[in-house]
Amino acid sequence: MDRESTKDNALTADLADKSGNESISAAEQANEVHSEALNRLSQHGHKYTGGRRRLVQALLDANQPITLPEIVASDPGLTQSSTYRNLDVLESSQIIRRVIANGDHTHFELAEPIVDHHHHLICLDCGTICDVHLNEDLERLVEQELSSVAASRGFVPSHHSMDLHGLCPDCQVPETGSRPARVPPRPSGV
Ligand SMILES: [Zn+2]
Ligand SMILES: [Zn+2]
Ligand SMILES: [Zn+2]
């Protein structure tokens with residue numbers, strides 16, 4: 001039972017609540033992310049400067065991986081040069097992580113477990129990256145499979161990542177004639 005609940009915690013450790021539970025407001029979630037960022041930065045001997053806070057807020061607001069130009073464009077208070085340096089500091093303090101698409105489409109997002117565990121759909125053409133969540137049973141299965149493979153090789157696992165590469169709706173070329181009707185995206189958090 002203990003083992004099971006530990007595993008659950010590892011899989012679902014998150015501050016963001018994607019289960020549709022509205023008990024945590026966006027403002028409360030932002031506060032938790034900022035205080036976690038402050039903790040991590042001070043553990044690494046850094047200060048949570050105004051620029052770093054704005055940067056974390058920009059990633060929070062984006063709610064999906066975004067590129068450096070998109071980060072800078074989202075907040076007039078952010079300059080390219082200081083944001084570039086702050087991305088390095090925040091990355092080395094495990095507050096944000098890079099998601100690499102094809103070519104030079106490097107995206108940034110808040111790192112796990114500051115945000116909940118998830119995977120990515122990466123467009124081979126435009127480089128857009130979309131966060132996706134798998135159901136818990138599947139995540140548990142993936143963890144079990146990978147753990148047993150790791151054990152068989154004497155490998156000590158830390159975490160897994162898994163991304164799906166393909167074409168986003170905007171980059172799919174219609175077969176012939178008219179473009180297929182788009183399926184509207186489902187509203188998040190509902
Ligand atoms: Zn695309
Ligand atoms: Zn992501
Ligand atoms: Zn996973």
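Residues numbered from 1 in each chain as written. Chains lettered and ligands numbered in written order. Predicted model: local features only at pLDDT ≥ 70, side-chain atom pairs only at ≥ 80, totals over all residues.

Let us now look at the sheet that holds strand S6 (residues 163–166). In spatial order, the strands read S5-S4-S6; together these three strands make up an open sheet with mixed pairing. In this open sheet, the two edge strands, each paired with only one partner strand, are strand S5 (129–132) and S6. Between one strand axis and the next, the sheet turns by 20° as a mean value, whatever way the strands run. (Pairing = 2+ DSSP bridges. Helix = DSSP H or I, 4+ residues; strand = E, 2+ residues; numbered from the N terminus. Axes fitted to C-alpha atoms, helices over the stretch in contact; angles between N-to-C directions.)

Next up on the list: unusual backbone geometry. Glycine aside, residues mostly have negative phi, and peptide bonds are mostly found in the trans state. In this structure, the amide linkage connecting Glu 112 to the following residue, Pro 113, adopts the cis form with an omega of 5°. Note that Pro 113 resides in the loop between strand S3 (106–110) and strand S4 (119–123). You will see that Gln 94, though not glycine, has its phi angle at about 60°, which is positive. Relative to the helices and strands, Gln 94 is located in the loop between helix H5 (80–92) and strand S2 (96–100).

Moving on, we get to H5. Here H5 is 13 residues long and its end C-alpha atoms lie 19 Å apart, about the 18 Å a rise of 1.5 Å per residue gives. Here H5 has its buried residues at Thr 83, Asn 86, Leu 87 and Leu 90. Down the axis, H5 shows its buried residues gathered within 115° of arc, on one side only. Exposed residues on H5 whose side chains face more than 90 degrees from its buried face are Ser 81, Tyr 84, Arg 85 and Asp 88. At the C-terminal side of H5, Gln 94 shows a positive phi close to 60°. (Expected span 1.5 Å × (residues − 1). Buried ≥ 20, exposed ≤ 12 C-beta atoms within 10 Å, placed from the backbone. Arc of directions from axis to C-beta.)

Attention now moves to the confidence of the model for the protein chain. As a general rule, the predicted coordinates of low-pLDDT regions are not to be interpreted in detail. For the protein chain, mean pLDDT is 85; residues scoring 70 or higher make up 80% of the total. Note on residues 1–19: pLDDT under 50 across the span, and 23 contacts to partners over four residues away in sequence or across chains. (pLDDT = per-residue confidence, 0-100. Contact = placed C-beta atoms within 7 Å.)

Let's shift gears to the sheet that holds S3. One open sheet accounts for three strands, arranged S1-S3-S2; its pairing is antiparallel. Single-partner strands in this sheet number two, and they are strand S1 (66–67) and S2. Of the pairings in the sheet, the one linking S2 to S3 comprises five bridges and is antiparallel in character. Bridging from a neighbouring strand, Ile 100 pairs with Thr 106 of S3. Across the sheet, helix H3 (residues 50–62) is in contact with S1, S2 and S3; its angle to S3 comes to roughly 95°. Here H5 sits on the sheet in contact with S2 and S3, set at roughly 105° to S2.

Turning next to the nonpolar core. Counting 18 residues, the largest nonpolar core has Leu 59, Ile 95, Ile 96 and Leu 110 as the members making the most contacts within it. Listing elements by their share of this core, those giving two or more residues are helix H2 (26–43), H3, helix H4 (68–74), H5 and S3. The leading source of residues in this core is H3, at four residues. Among residues more than four places away in sequence, those in contact with Leu 110 are Val 33, Leu 59, Leu 60, Ile 95, Ile 96 and Val 115. (Core = buried A, V, L, I, M, F, W, Y, C linked by C-beta atoms within 7 Å.)

Look at H2: 26 Å from first C-alpha to last across 18 residues, which is about the 26 Å you get at 1.5 Å a residue. Every buried residue belonging to H2 is among Val 33, Ala 37 and Leu 41, and all of these are buried. Buried residues of H2, viewed axially, fall in a sector of 65°; they line one side. Every exposed residue of H2 that faces more than 90 degrees away from the buried side is listed here: Glu 28, Ser 35, Ser 42 and Gln 43.

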